[in-house]
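Descriptive structure summary
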Amino acid sequence: MFGIRKGNRKKRIKEFRIRCFQLVAGALIISISIPITYFIVGPDIIRLYEIGTSGSIKSTLGSTTENKIKYNEDSVIAPKGTPSPVSEQSVAKQIEKKETKVTRDDYPAKKKKKKAEKEEPLYLRSGVYNFQPKWGFDDTEKYIQVVPNIKIPIKWDRRIIFPEEMLQNMYKEVKVAESEPEIDVIQTSQQDNIPYGLVHANVVLQSHPIFTATSSQLQHLDTLMEYLSRSQHCKDTPIFLTMATIGNDLYWQLVENFVYTMVKYQLSDCALIVCVSDEKCMKKCGDFHFPCFNYLSEPATSLSVMEQIAILKLQHIPKALLHGVDVFMLDLDVGFLADPAYMLKVYRETPIVDIFVQEDFIYLMNRTKAGWKTWYTEPLPNIGMFLCRGNNRTAKVFELALQSYLSLQDQEEKAKPGIDQKKVLSAIQVGRGTFALKFAYFTTDTAPLMDKFIKQHGNVYELGGELMLRALQDQRAMAMHTTCYEKSTKVMGLKASSVFWNPRYYDPLRRTLTKQLLFTTDAALQREVQALIWLALATQRSLILPNLLGDESSIRTIAQYNNRTLWPGFRIASVANDVKVSILEPAYYWRMSQHYSSPSHPVPAPDVVYFAKGESLERIKETLMRLQDVTRIVLHPKPSRNRLRKAENNLEELNLQIASWADDSIGDFGSEPFDTLLSRYRPLPSLDKVQSSEGGDSQLAKTVLTGVRNCYGIFGPPRGNSTCFQICE
């Protein structure tokens, strides 16, 4: 027994010694690895996250240089000074000169192959790039800035916060002085009665570098984008890119808004429109000197427009990114309230962020008796506003998205709008976790989506004008995206948000027609709107469709403005494509007075034209035809003798009231109650009698009667289970 115990004791002692040795060895390994890890990874973490008390970065980042250095075939294009998991010695070996781009063509084939075998692509490496603070992290102040920058902070949830002091003069209007161009330009403007703003825009557009490009540079989209990015005016500035197909005049207005916005903010030399298999688009671009590229799908006839746009985005844009071209992709329904230079400032200050994208969220509704509660998802990117750097990481995002898109077997699924966006979103998520992609959000304050803005603040803001402008300026908005506003409401949403810029559209010499509208019934409203549209077409005038006034005592479904129940004018009528009427927003002349008036082309004053009770539409038309020289006409029912007798200044006082309504950006009806206004109100006669008559007027009347109807849900609550209830169907 004793011997057995002795043997067990020796065995236990031996096991104890082994365990002690393991503990000591483990502690020794840990004590050695900690300082080694600190010296290898620690400096990068310090450079990424340790911000000094004065706001400067405690690192070797230095100034936010935008010089781009291309490493090898599989590496990223990153600004000099950007923190990297690769040692500084290996990076230094790849840099030939401080301010010189090194392209793949400069490397011999053998040397390039040797480098590729020696080290794996940077975007596949893990390290500090992949560090992301956990959601709900306790010590958020420590990580208040995910990426280092000097003036514009990016919070730990990727939201960009613009300091108030930076935005103090953001909305200051800078009008181009009429004395700025040469004398012959001014004389041409005055002789041809062309607004000076349009003449100036034409002069600027004709000097676009695309018109001096060679045939080889114009052959491929990526080579053209690279050529533009190297031009003098586009240095350190991304290429502003959008894609277009021209279905009707409203879509062309979106193209005009993009181009003239770039002219307004002096970015037109860096702007490019891609006409997607659309010869009509290219022809109009040529007529107006717009910078357009003719993209022809192969074969164009076998793919839908949405498929062609998806292939264009996912396959051809990455080729430009691999050449180091930074791109600001914009949907046509994006408009700018302020100079995009503010957005470019954060892009220049944070060179290690690959993508700056609009923040979006999905709206869900609980349709139970609990009170129609609402929830919102956590943020997700919306690539309708997508600013990305030209490097292998961003190109890899599009490569993954293209692979996923091409793998779809259902052709109908491929042709649906937004499928390419979903694929890019998934690729961004993969990139964040696997190849060190970094992105940041332009918040919903900076770049709101109109459907979400209306859902959160109320549909009273769809009235537009000064009301909407003040609300957007209060939250320091820089851009507006009218996603979910389809067909005619898309461009009208931009106009209601004061982000539509077009000197051709805001023409003081345009002949217009309008009339106050009061809501009684849907049928009565439809008849009057049809009559107004017929008069506008018959007299060759543009129609200002005003905001609709309703009974504040009985209509409780929408918010009120100045104790008035109003419905937005652009959500009154649904107009078929064969009804070729030009419809303007209620704030048309207000916008013109703010931005497009000049001493040589002032905003015209409204002329009130009265029509008598029982007067036919044909008679009203004849009256308007005699007033061809009158630019701006407001129709109004002729007041009764009793009312004129009571008025202090008779028609003069009434004219001032009507002019005040017409000049107001929303429609000022004064302080009289709705019942009083309704008692004086007189709608236009119906088109039925005109339709039954003979001649061209009857045919035009038939076209209007069959092609114009009310939008659904006027003065009604939001429809459906999403924020896309604004569509006028």
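Residues numbered from 1 in each chain as written. Predicted model: local features only at pLDDT ≥ 70, side-chain atom pairs only at ≥ 80, totals over all residues. Heavy atoms only, no water.

Regarding its fold elements, the chain presents 24 helices and 22 strands. Counting all 729 residues of the chain, 51% fall into the buried class. Sequence-distant contacts in the chain: of pairs separated by 6 or more residues, those separated by 24 or more amount to 75%. Approximately 35,400 Å² of the chain is accessible, and the part contributed by carbon and sulfur atoms is 52%. (Helix = DSSP H or I, 4+ residues; strand = E, 2+ residues; numbered from the N terminus. Buried < 20%, exposed > 50% of the residue type's maximum accessible area, 1.4 Å probe, protein only. Contact = heavy atoms within 4.5 Å. Areas by Shrake-Rupley, 256 points an atom, 1.4 Å probe, with all protein chains shown as cover.)

Our focus in this paragraph is the state of the cysteines. Tallied over the entire structure, the rule returns three disulfides. Across the disulfide from C275 sits C281; the S-S distance is 2.0 Å. Here the S-S torsion is close to -55°, and the disulfide linking C275 with C281 is therefore left-handed. Overall, C275 belongs to the buried group, its relative accessible area being 0%. (Disulfide = S-S within 2.5 Å.)

The strand order β19-β15-β14-β21-β20 describes an open sheet built from five strands, whose pairing is parallel. Lying at the two open borders of the sheet, with one neighbouring strand each, are β19 (583-584) and β20 (607-611). Here β20 runs beside strand β21 (residues 632-637); their pairing, made up of five bridges, is parallel. By the bridge assignment for β21, Y610 is matched with H636. Sitting on the sheet, helix α21 (residues 651-663) is in contact with β14 (512-515), β20 and β21, with an inclination near 120° to β21. (Pairing = 2+ DSSP bridges. Axes fitted to C-alpha atoms, helices over the stretch in contact; angles between N-to-C directions.)

Relative to the helices and strands, R564 resides in the loop between β16 (548-550) and β17 (565-567). Between the C-alpha atoms of R564 and P673, which are 109 residues apart in sequence, the distance is 9.0 Å. Those residues within four positions of R564 in sequence are excluded, and the remaining contacts are L549, E552, F669, G670, S671, E672, P673, F674 and L677. Among the polar contacts listed, one links the side chain of R564 to the backbone oxygen of F669, at a separation of 3.5 Å. (Polar contact = N/O pair within 3.5 Å; in protein donor to acceptor, adjacent residues only side chain to side chain.)

Our next topic: the packing of helix α7 (residues 249-264) against helix α16 (residues 488-496). In the contact formed by α7 and α16, the axes pass within 9 Å of each other and the chain directions differ by 35°. Of the two possible hands of crossing, α7 and α16 adopt the one that is left-handed. Of the residues in α16, those in contact with L250, Q253, L254 and N257 of α7 are S488, K490, V491, L494 and K495. Counted by class, the contact of α7 with α16 contains four nonpolar, three polar and two charged residues. (Left-handed = near helix turned anticlockwise from the far one by under 90°. Nonpolar A, V, L, I, M, F, W, Y, C, P; charged D, E, K, R; others polar.)

What follows deals with the side chain of S698. For S698, the location among the structural elements is in helix α24 (residues 696-707). A relative accessible area of 8% places S698 in the buried class. Ignoring any residue separated from it by four or fewer positions in sequence, one finds S698 in contact with V690, Q691 and S693.

Tallied over the entire structure, the rule returns seven cavities of 30 Å³ or more. Space inside the largest cavity adds up to approximately 110 Å³. Lining the largest cavity are 14 residues, with T514, I544, P586, W661 and A662 sitting closest to its centre. Sorting the residues of the lining of the largest cavity by element identifies β14, β21 and α21 as the ones contributing at least two each. Of the residues contributing to the lining of the largest cavity, the split by class is eight nonpolar, four polar and two charged. (1 Å grid on protein atoms, 1.4 Å probe; cavity = no way out; pocket = protein on both sides within 12 Å on 5 of 7 lines; lining within 4 Å. Points joined across faces, edges and corners; volume = space filled by probe spheres on them.)

With respect to topology, seven strands assemble into an open sheet ordered β5-β4-β3-β6-β11-β8-β12, the strand pairing being mixed. In this open sheet, the two strands that pair with only one neighbour each are β5 (292-295) and β12 (439-442). Each adjacent strand pair in this sheet contributes to an overall mean axis angle of 35°, direction not counted. Sheet strands touched by helix α6 (residues 221-229): β3 (239-244), β4 (271-276), β5 and β6 (327-330). Its angle to β4, the strand with the most contacts, is close to 165°.

Turning our attention to helix α9 (residues 305-322). The first and last C-alpha atoms of α9 sit 26 Å apart over 18 residues, in line with the 26 Å expected at 1.5 Å per residue. If you look at α9, its biggest bend is around 30°, right at K313. Those residues of α9 that sit buried are E307, Q308, I309, A310, I311, L312, K313, L314, I317, P318, A320 and L321. Backbone geometry just after α9 places G324 at a positive phi near 85°. (Expected span 1.5 Å × (residues − 1). Bend = angle between axes of the 7 residues up to and from the residue.)

Interaxial distance between helix α17 (residues 522-538) and α24 falls to 10 Å at its minimum, and their mutual angle equals 135°. Classed by the angle they form, the pair α17 and α24 counts as oblique. As for how α17 packs across α24, the hand of that crossing is right-handed. The segment α17 lies against α24, with Q530, I533, W534, L537 and A538 engaging D697, L700, A701, V704 and L705. Here the residues of the contact of α17 with α24 sort into eight nonpolar, one polar and one charged. (Parallel < 35°, antiparallel > 145°, perpendicular 65-115°, else oblique.)

A separate point is the nonpolar core. Core analysis: the largest hydrophobic core is formed by 136 residues, its most contacted members being F290, F356 and F442. Ranked by the residues each element gives to this core, the list is headed by α17, at nine residues. (Core = buried A, V, L, I, M, F, W, Y, C linked by side-chain atoms within 4.5 Å.)

Scored by pLDDT, the chain has a mean of 78; 74% of the residues are at 70 or more. Scored below 50 in pLDDT, residues 176-191 makes 20 contacts in the model with residues more than four places away or belonging to other chains. Note that pLDDT drops below 50 for residues 368-373; the model gives that stretch five contacts with residues more than four away or on any other chain. (pLDDT = per-residue confidence, 0-100.)

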